[in-house]
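# Structure at a glance
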Amino acid sequence: MNWNLPDRAAGDPVQVMGILNVTPDSFSDGGELPTTEAAINRAREMVAAGADLLDVGGESTRPGAEPVSEAEELDRVVPIIERLAAEVSVPISVDTSKAAVMAAAVRAGAAMINDVNALRAEAALATAAELGVPVCLMHMQGEPRSMQAAPRYDDVVADVGGFLKERVAAARAGGIDPDKICVDPGFGFGKSLAHNVALLRGLGQLTRQGEPVLVGLSRKSMLGEITGRPVDQRVVGSAALALLAAQAGASIVRVHDVAPTVDALRVLAAVTGG
Ligand code: 8Y7
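All of the points below concern the structure found in this document.

## Details of the overall build of the chain
- Scanning the chain from N- to C-terminus turns up ten helices and eight strands.
- Relative to the globule expectation of 19 Å for 274 residues, the C-alpha radius of gyration of the chain, 17 Å, shows essentially globular dimensions.
- Across its three principal axes, the chain shows a C-alpha extent of roughly 40 × 40 × 40 Å.
- For the chain, buried positions account for 53% of its 274 residues.
- Taking the intrachain contacts of the chain between residues at least 6 apart in sequence as the baseline, contacts between residues at least 24 apart amount to 68%.
- In the structure as shown, the chain presents an accessible area of about 12,100 Å², 50% of it carried by carbon and sulfur atoms.
- Charge separation in the chain, taken as the distance between the mean sites of 24 positive and 34 negative side-chain charges, equals 5 Å.

## Focus: the pairing of strand E2 (residues 53-57)
- Most of E2 is tucked away, with five of its five residues classed as buried.
- Side chains Leu53, Asp55 and Gly57 of E2 all project onto a buried face; the interleaved residues Leu54 and Val56 project onto the opposite face, where all are buried too.
- For strand E1 (residues 15-21) and E2, the ladder comprises five bridges, and the chain directions are parallel. Among the inter-strand pairings, asparagine 21 is bridged to a residue of E2, identified as glycine 57.
- In the sheet, E2 pairs with strand E3 (residues 92-95) via four bridges, with the strands oriented parallel. Pairing of leucine 54 across the sheet is with isoleucine 92, part of E3.

## Considering the site of the ligand
- The ligand sits among Thr61, Asp95, Asn114, Val116, Cys136, Met138, Asp184, Phe189, Leu214, Gly216, Lys220 and Arg254.
- Within the side chain of aspartate 184, one N or O atom sits 2.6 Å away from a nitrogen atom of the ligand.
- Protein contacts shield 90% of the accessible area of the ligand, which totals 400 Å² for the unbound molecule.
- Of all the cavities here, the one that holds the ligand is the largest pocket.
- Listing elements by their share of the shell around the ligand, those giving two or more residues are strand E5 (135-138) and strand E7 (214-216).
- Of the residues belonging to the shell around the ligand, the class tally is five nonpolar, three polar and four charged.

## Let's talk about the environment of isoleucine 176
- Among the structural elements, isoleucine 176 can be located in the loop between helix H5 (156-173) and strand E6 (181-184).
- For the pair isoleucine 176 and valine 135, spaced 41 residues apart in sequence, the C-alpha separation works out to 8.6 Å.

## Here's the deal with the packing of helix H2 (residues 70-87) against helix H3 (residues 99-107)
- At a closest axis distance of 9 Å, the pairing of H2 and H3 adopts a crossing angle of 15°. For the element pair H2 / H3, the angle class is roughly parallel. Crossing geometry of H2 relative to H3 is assigned as right-handed. Here H2 contributes Glu70, Glu73, Leu74, Val77, Val78 and Ile81 to the contact with H3, which in turn contributes Ala100, Val101, Ala104 and Ala105.
- Looking at the contact of H2 with H3, its residues break down into eight nonpolar, no polar and two charged.

## Let's talk about unusual backbone geometry
- You will see that alanine 123, though not glycine, has its phi angle at about 70°, which is positive.
- Within the secondary structure layout, alanine 123 lies in the loop between strand E4 (112-115) and helix H4 (124-131).
- Judged by its relative accessible area of 42%, alanine 123 is partly exposed.
- Phi is positive for arginine 219, which is not a glycine, with a value near 60°.
- Tracing the sequence through the fold places arginine 219 in the loop between E7 and helix H8 (221-227).
- We classify arginine 219 as partly exposed; its relative accessible area is 28%.

## Topic: the side chain of glutamate 59
- Topologically, glutamate 59 is positioned in the loop between E2 and H2.
- For glutamate 59, the side chain forms a polar contact with the main-chain nitrogen of valine 68, separated by 3.0 Å.
- Residue contacts for glutamate 59: discarding those within four places in its chain leaves Thr23, Glu66, Pro67, Val68, Glu73 and Lys98.

## Observations regarding the side chain of arginine 167
- Mapped onto the secondary structure, arginine 167 falls in helix H5.
- Although buried, arginine 167 forms no salt bridge, and the nearest oppositely charged side chain, glutamate 166, lies 4.6 Å from it.
- Separated by 3.1 Å, the side chain of arginine 167 and the backbone oxygen of leucine 119 make a polar contact.
- When residues no more than four places from it in sequence are discounted, the contact partners of arginine 167 are Ala118, Leu119, Arg120, Leu125 and Leu137.

About the thresholds
Residues numbered from 1 in each chain as written. Predicted model: local features only at pLDDT ≥ 70, side-chain atom pairs only at ≥ 80, totals over all residues. Heavy atoms only, no water. Helix = DSSP H or I, 4+ residues; strand = E, 2+ residues; numbered from the N terminus. Rg over C-alpha atoms; globule rule 2.2 N^0.38 Å. Buried < 20%, exposed > 50% of the residue type's maximum accessible area, 1.4 Å probe, protein only. Contact = heavy atoms within 4.5 Å. Areas by Shrake-Rupley, 256 points an atom, 1.4 Å probe, with all protein chains shown as cover. Lys, Arg positive; Asp, Glu negative; His and termini not counted. Charge placed at Lys NZ, Arg CZ, Asp CG, Glu CD. Pairing = 2+ DSSP bridges. Near = heavy atom within 4 Å. Polar contact = N/O pair within 3.5 Å; in protein donor to acceptor, adjacent residues only side chain to side chain. 1 Å grid on protein atoms, 1.4 Å probe; cavity = no way out; pocket = protein on both sides within 12 Å on 5 of 7 lines; lining within 4 Å. Sits in = over half its atoms within 2 Å of the grid points. Nonpolar A, V, L, I, M, F, W, Y, C, P; charged D, E, K, R; others polar. Axes fitted to C-alpha atoms, helices over the stretch in contact; angles between N-to-C directions. Parallel < 35°, antiparallel > 145°, perpendicular 65-115°, else oblique. Left-handed = near helix turned anticlockwise from the far one by under 90°. Salt bridge = Lys/Arg side-chain N within 4 Å of Asp/Glu carboxyl O.

See below:
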């Protein structure tokens, strides 16, 4: 599927990206991989609830997570993406940092690459340029295994904005179409609560840099810190954060709970005339 990034600055509505994790800790609590059928059902539910696109990921990037091998990640995501591309009406994004997974996913029908590593892995930038699909470049300090240990910034908004500027320039220099680049401050990726709050407060500065902005705030630990609630009780807080991000100009919100997010964004659109 050929698909273009939405751009709020150009008047496009906010899009909702539904999260489809295909890791052993998703769907079950027994450490088993979800069956293809369970993943497809979950995807259909999200599309019925109003998801504009789906993000399929086979490597957990949660704080403390260990990397998975390329073969394992390919096994997890490629069959699901093949089925989804054939069976659902919305574009599919692949959440990966590995060049080989990007290539196999796009061959299987993925229409976007979501890279939490901002195309810094070997061959990732050249591969993405060759594939020609839109990319999301995300900021992360450190790596998932250790990133929450002691995150430090001089000025988190300026530091993250500067990093993303540099990655956008690298992506363009590497042959990626400027219209196919979006950026993401990477909430929770090597950030304390104070850093996350500062980034959300300063999100307008990032949306004004020019590229469409994607944000992932859904169920994240900052909500645990703010509300005191466990991860399965963060739906309302997540919708509130999605709304704040949309008000600051975010073009795509990446969420687990599609229906409540769609409602919140409808309220915003009704009030602001969007
Ligand atoms: C984000 C993400 C995750 C995010 C983008 C989680 C894969 C952790 N978070 N991708 N991925 N932005 N672009 O809690 O914030 O969903 S994984």
